[in-house]
Structure formats: structure tokens, C-alpha cells
Amino acid sequence: QVQLVESGGGSVQPGGSLRLSCAASGSIFSINAMGWYRQAPGKQRELVAAITSGGSTNYADSVKGRFTISRDNAKNMVYLQMNSLKPEDTAVYYCNAADPLSRYWGQGTQVTVSS
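### Some words on the pattern of salt bridges
Part 1 of the argument: Counted by the stated rule, this structure contains four salt bridges.
Part 2 of the argument: For Arg-38, the salt bridge goes to Glu-46, with nearest N and O atoms at 2.7 Å.
Part 3 of the argument: According to the relative accessible area criterion, Glu-46 is partly exposed, its value standing at 37%.
Part 4 of the argument: Between Lys-64 and Asp-61 there is a salt bridge, with its nearest N and O atoms 3.1 Å apart.
Part 5 of the argument: Lys-64 gets classed as partly exposed once you look at its relative accessible area, which sits at 49%.
Part 6 of the argument: Put simply, Arg-38, Glu-46, Arg-66 and Asp-89 are held in one network by salt bridges that share partners.

### Thoughts on the nonpolar core
Part 1 of the argument: Membership of the largest hydrophobic core comes to 30 residues, with the highest contact counts inside it found for Leu-4, Met-34, Trp-36, Leu-80, Met-82 and Tyr-93.
Part 2 of the argument: Elements represented by at least two residues in this core include exactly strand S1 (2–7), strand S3 (18–26), strand S4 (33–39), strand S5 (46–52), strand S7 (67–72), strand S8 (77–82), strand S9 (91–98) and strand S11 (109–113).

Rules behind the numbers
- Residues numbered from 1 in each chain as written.
- Predicted model: local features only at pLDDT ≥ 70, side-chain atom pairs only at ≥ 80, totals over all residues.
- Heavy atoms only, no water.
- Salt bridge = Lys/Arg side-chain N within 4 Å of Asp/Glu carboxyl O.
- Buried < 20%, exposed > 50% of the residue type's maximum accessible area, 1.4 Å probe, protein only.
- Core = buried A, V, L, I, M, F, W, Y, C linked by side-chain atoms within 4.5 Å.
- Helix = DSSP H or I, 4+ residues; strand = E, 2+ residues; numbered from the N terminus.

Read these as layout, nothing more, since geometry by itself doesn't imply function.
Given below as C-alpha cells:
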């Protein structure tokens, strides 16, 4: 089992920045990819960014050039730096981890972008 705890959400004005953090614990040795998803009201959960254990990254087109995912394997942490935030980025953001057998989710953290 893997446990994930997110932090760093909040409210920000358009154009602002936030940094999300995700702390992983448990059977972390089996994790081969981690990522961030988001779900806005009335919409499906979607991938925002992902990073493999080797450091390869993947981003949704809507966040490319604005968001950066990073990973600190020594600290079992994954981060999402979000710059130039837009109202359409408003959602609950979830940390995700995958191993060969399962996927794990954090509890989510709210990000609200509004003037």
C-alpha cells in the first residue's frame, strides 16, 4: 500500500502561482510513476502532469509552459509548480502514484483561481 498526502492548495488571483506538494509513504519502492490529476465541478478527472522514476515528464496541453512537475526521490515527494494560473485551472488536484499492480490517490487539495 502507498499513502499520499497533498498540500499547498489555496486561492489565488489570475496570473498568480501556487506550488503543490505530495508526500508518499508506505510501499514506495514499487512506485514507477507519479502524477497530478484534477477534477473541476461537473467534469471528469483529467491528467495534469506525470513523472516517471527516471524523470521523464508528460503534461496536458492546457498546462504546458505554465506548470512544472518535479520529484525528490530521497524525500519521497512530488511537486507541481503552477505559474500563470487561469480561472479554468480551478479544480481539486489529486496526487497519484502507480506501481505494477495498482494506482493510489491522495485526498485532494482545492485550487481556486479567481479575481
